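Remarks on the overall topology
The lines below spell out each chain.
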Amino acid sequence: QSNNLLQSISDEELPPVLPPTGIDIGQWEAFYFEFGELLSNVCCVQPCVNEAKEDDSALLWSTDRGVTELQQRRERRAQRASDALGTI
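So, here's what we can say about the structure. (Residues numbered from 1 in each chain as written. Predicted model: local features only at pLDDT ≥ 70, side-chain atom pairs only at ≥ 80, totals over all residues. Heavy atoms only, no water.)

Scanning the protein for helices and strands turns up three helices and zero strands. Seen in sequence order, the protein has helices and strands lined up from the N terminus as α-α-α. The 88 residues of the protein split such that 11% are buried. For the protein, contacts bridging at least 24 residues in sequence account for 18% of all contacts bridging at least 6. Entry remark: accessible area of the protein is about 7,500 Å², with carbon and sulfur atoms responsible for 58%. (Helix = DSSP H or I, 4+ residues; strand = E, 2+ residues; numbered from the N terminus. Buried < 20%, exposed > 50% of the residue type's maximum accessible area, 1.4 Å probe, protein only. Contact = heavy atoms within 4.5 Å. Areas by Shrake-Rupley, 256 points an atom, 1.4 Å probe, with all protein chains shown as cover.)

What follows deals with a nonpolar patch on the surface. There is a patch of nonpolar side chains on the surface, built from Phe-31, Tyr-32, Phe-35, Leu-39, Leu-60 and Trp-61 and spanning about 570 Å² of accessible area. Top element by residues in the nonpolar patch is helix α1 (residues 25-40). It accounts for four residues. Along the polypeptide, Leu-39 turns up in helix α1. A relative accessible area of 37% places Leu-39 in the partly exposed class. (Patch = residues over 30% accessible without salt bridge, like charges linked within 9 Å, V, L, I, M, F, W, Y side chains within 5 Å. Salt bridge = Lys/Arg side-chain N within 4 Å of Asp/Glu carboxyl O.)

All we've got here are geometric facts, nothing functional implied.
Listed below in structure tokens is the structure:
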């Protein structure tokens, strides 16, 4: 379901670029793949209720630049920690 728009562009139109010196090509590719996935999720950002399924694209596309999303994550984690301490 990933957006393959860039894969349809020829190397002549958009030449490949090597990573900067000292950056492993595997890490370079992994970063661009993950970041590309986040960018392509612009239409899919929905409020998250399950920490295991947090969508980091919400940090990129929210109108408040991720402030609310980060606060909600902190609150969920604090609640989870509180719940865990309550069971001890």
